[in-house]
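# Structure at a glance
Take a look at the letters that make up each chain.
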Amino acid sequence: MAQLWGGRFTKETDALVYAFNASLRFDRRLFRQDVLGSKAHVKMLAKQGILTEEEKDAILLGLDQILREVEDGTLKIEGEYEDIHSFVEACLTERIGEPGKKLHTGRSRNDQVALDMRLYIRDEIDQTAQLLKELLTVICGIMETHLTTCMPGFTHLQKAQPVTVAHHFGAYFEMFKRDRERLMSIRSRMNICPLGSGALAGTTYPLDREYTASLLGFDGASENSMDGVSDRDYVLEFLNSLAITMMHLSRLSEEIIIWNSNEYRFIELDDTFATGSSIMPQKKNPDIAELIRGKTGRVFGAAQSLLVTMKGLPLAYNKDMQEDKEMTFDAIDTAKGCISLMTGMLSSSSFNAERMEASAMNGFANATDAADYLVRKGVPFRDAHGIIGRLVLTCIEKSCRMDDLPLEEYRAVCPRFDEDIYDAISLKSCVERRKTKGAPGAMAEAVERAKTYLAGL
Ligand code: ARG
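Overview of the structure. (Residues numbered from 1 in each chain as written. Predicted model: local features only at pLDDT ≥ 70, side-chain atom pairs only at ≥ 80, totals over all residues. Heavy atoms only, no water.)

### A few points about the overall build of the protein
So the rule is basically this: A helix here means a DSSP run of H or I that spans at least four residues, while a strand means a run of E at least two residues long, and both kinds are numbered starting from the N terminus. In this description the radius of gyration comes from C-alpha coordinates, and the expected globular size is given by 2.2 Å times residues to the power 0.38. What sets the accessible areas is the Shrake-Rupley method with a 1.4 Å probe; for residues, cover comes only from the shown protein chains. Asp and Glu are treated as the negative residues and Lys and Arg as the positive ones, with His and the ends of the chain left uncounted. Lysine's charge is taken at NZ, arginine's at CZ, aspartate's at CG and glutamate's at CD.
In terms of helices and strands, the protein carries 19 helices and four strands. Since a compact globule built from 457 residues should have a radius of gyration of about 23 Å, the 30 Å found for the protein marks it as more spread out than a globular shape. Summing over all exposed atoms, the protein offers an accessible surface of approximately 21600 Å²; the carbon and sulfur share of this is 53%. Distance from the positive charge centre (56 side chains) to the negative charge centre (68 side chains) of the protein: 3 Å.

### Comments concerning the packing of aromatic side chains
Heads up, the rule is: Each Phe, Tyr or Trp ring, with Trp reduced to its six-membered ring, pairs with another whose centre is within 6.5 Å; inter-plane angles below 30 degrees give stacked pairs, above 60 give edge-to-face pairs, and intermediate values give tilted ones. Each residue gets one of three labels from its accessible area relative to the maximum for its type: buried under 20%, exposed over 50%, partly exposed in between, using a 1.4 Å probe on protein chains only. Charge-over-ring placement is defined geometrically: NZ (Lys) or CZ (Arg) within 6 Å of the ring centre, and within 35 degrees of the ring normal.
Under the definition given, this model contains 13 aromatic pairs. Seen from their ring centres, Tyr 172 and Phe 176 are 6.3 Å apart, and the 25 degrees between their planes marks the pair as stacked. Residue Tyr 172 and its partner Phe 176 are located together in helix α7 (residues 165-190), separated by four residues, close to a single helical turn. Of the two residues, Tyr 172 and Phe 176, both sit in the buried class. Members of the aromatic cluster, connected to one another through ring pairs, are Phe 169, Tyr 172, Phe 176, Trp 259 and Phe 351. Sitting over the ring of Tyr 453, Lys 177 keeps its end group 5.0 Å from the ring centre.

### Here's the deal with the pattern of salt bridges
Definition in use: Salt bridge, as applied in this entry: a Lys or Arg side-chain nitrogen positioned within 4 Å of an Asp or Glu carboxyl oxygen.
Following the criterion strictly, the structure yields 34 salt bridges and no others. Between Glu 94 and Arg 95 there is a salt bridge, with the nearest N and O atoms lying 3.7 Å from each other. Overall, Glu 94 belongs to the exposed group, its relative accessible area being 59%. For Arg 95, a relative accessible area of 27% translates into the label partly exposed. The salt bridge partner of Lys 451 is Glu 448, with a shortest N-O separation of 3.9 Å. With Lys 451 and Glu 448 both in helix α19 (residues 443-455) and three residues apart, the pair spans about one turn of that helix. With a relative accessible area of 45%, Glu 448 lands in the partly exposed category.

### Regarding the site of the ligand
Put simply, the rule reads: For each residue, the test is whether any non-hydrogen atom lies within 4 Å of the molecule or strand; if one does, the residue is near. Think of a polar contact as two N or O atoms within 3.5 Å of one another; within protein, one of them needs to be a possible hydrogen donor and the other a possible acceptor, and neighboring residues in sequence only count if both atoms come from side chains.
The full set of residues close to the ligand is Ser 23, Asp 27, Asp 83, Arg 109, Asn 110, Val 113, Tyr 317, Gln 322 and Lys 325. One of the side-chain nitrogen or oxygen atoms of Ser 23 is found 3.3 Å away from a nitrogen atom of the ligand. Lys 325 has a polar side-chain atom sitting 2.6 Å from an oxygen atom of the ligand. Expressed as a share of its isolated accessible area of 340 Å², the protein-covered part of the ligand is 87%. No other element matches the three residues that helix α6 (residues 109-145) contributes to the shell around the ligand.

### Focus: helix α11 (residues 287-311)
Which entries qualify depends on this criterion: Take the residue count of a helix, subtract one, and multiply by 1.5 Å to get its expected span. Residues are treated as being in contact if the distance between any of their heavy atoms lies within 4.5 Å.
Its 25 residues place the ends of α11 37 Å apart at the C-alpha level, agreeing with the 36 Å of an ideal helix rising 1.5 Å per residue. Those residues of α11 that sit buried are Ile 288, Ala 289, Ile 292, Thr 296, Val 299, Ala 302, Ala 303, Leu 306, Thr 309 and Met 310. Buried positions along α11 lie against α9 (225-230), α10 (233-259) and α12 (324-348).

### So, unusual backbone geometry
Residue Leu 315 is joined to Ala 316 through a cis peptide bond whose omega torsion reads 0 degrees. The phi dihedral of His 156 is positive, around 55 degrees, even though this residue is not glycine. By secondary structure assignment, the location of His 156 is in the loop between β1 (150-155) and β2 (158-164). In this structure, Phe 364 is a non-glycine residue whose phi angle is positive, near 60 degrees. Tracing the sequence through the fold places Phe 364 in the loop between α13 (353-361) and α14 (367-376). A residue is classified by how much of its surface remains accessible, and Phe 364, at 21% relative accessible area, is partly exposed.

### Points about the packing of α6 against α7
In plain terms, the rule: Interaxial angle, 0 to 180 degrees, is taken between N-to-C directions of lines fitted to C-alpha atoms, where a helix line uses only the stretch in contact. Roughly parallel covers angles under 35 degrees, roughly antiparallel covers those over 145, roughly perpendicular covers 65 to 115, and oblique covers all other angles. Handedness of a crossing follows from how the near helix is turned relative to the far one, being left-handed for an anticlockwise turn of less than a right angle and right-handed for a clockwise one. Classification convention: Asp, Glu, Lys, Arg as charged; Ala, Val, Leu, Ile, Met, Phe, Trp, Tyr, Cys, Pro as nonpolar; all other residues, Gly among them, as polar.
Relative to each other, α6 and α7 sit at 165 degrees, their axes nearing to 9 Å. For the element pair α6 / α7, the angle class is roughly antiparallel. Seen along the crossing, α6 lies across α7 with a hand that is left-handed. Considering only residue class, the contact of α6 with α7 consists of 20 nonpolar, two polar and eight charged.

### Some thoughts on the environment of Phe 273
Relative to the helices and strands, Phe 273 is located in the loop between β3 (267-268) and α11. Residue classification places Phe 273 among the buried residues on the basis of a relative accessible area of 18%. When the C-alpha positions of Phe 273 and Asp 14 are compared, they lie 50 Å apart, and in sequence the two are 259 residues distant. With sequence-adjacent residues up to four places away left out, Phe 273 is seen in contact with Ile 288, Leu 341, Gly 344, Met 345 and Ser 348.

Put into structure tokens, the structure is as follows:
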């Protein structure tokens, strides 16, 4: 067992304890960050005269060699090392001897893990933001293609008022855009370097923390060393942000599942993004949408789980915090995978415009427009609502649509109706008349704004 702290102990660690305590199995993911952090630390130590130039050069050469060996597969991250920090230090000393033992000057593993995790989360924020940009681009394309394709808009999953596919997807554009912006705001808040916090109380060496921070692309060094080593707020913010994105993906998945049902047939999933049944030959199942909906719980769970892990921890570092990693890694993999799959599923799907429009024509989605028509003729809205309600009832009894009801039937209820009622309640005018910002008739401008937003990313 290669441990960094044998001196004070007279007995070997119990094997079970060793296995329970060790984190290499999962924190091996932080390898690159650990090496980068060490390189910056060593450069700073040399600049401050704490290490000689020769020692610094030897360490940097050794670290780069380890980086290469791991990347080309000649060095495997495995063996009896407690964690990734012990692994890197042991490999370094094995390769360069004495100077390797000086790498840990003015630094603690609490410091290191705080730094590595922050560097890792920062990378993952950037990658997730890129994936969201790709999803937004596909959604914007759907909006543009289906600017005038009508579909029913729903409340309570009951047909409410006609909208367009562009309008419906425009809503998701806004959600995923906020998700991306939320990530950027977390990034700017978390881009602070904890390295130099020591175990909790800083160090007695004259470290230049701002220099290390700038080498690693941070905006500055953290203000308080106890906070530096024990803050996991940014992980929580990221997990909660991913949870919100998963909630959005799950809602969209739910709609895709409904639209793909035999009853709706609004969407046609591409064969590459659907699955079949082993027994029922006719099936084309939306498994990917269902899995995205299903995996949402894992990400919610990770966010909740880390909150619970952190809630009882006195300052500063406690080993409980090692539990932040596995669930965070899983949540990140899950969310990134789901965003990519949603992008692929949407870009390969097609929409059945005829079915959608036919559906929007049925179910009295134009009833509000008929009431608005009467208002334009001087009838108070509340009376108009009652009149149209009665006409809807007549249509239900006659099994017809409002568009098919003869003018005499309209006039029998209210003499203000004229021939122009049919144009007023046509699907096209229901949509086009709604021109206020954000409404279905104003989506051409919304698409332009969406494109400008994407071009600026
Ligand atoms: N493996 C630990 C973690 O993930 C980091 C090392 C700090 N360990 C310690 N015993 N102080 O949190």
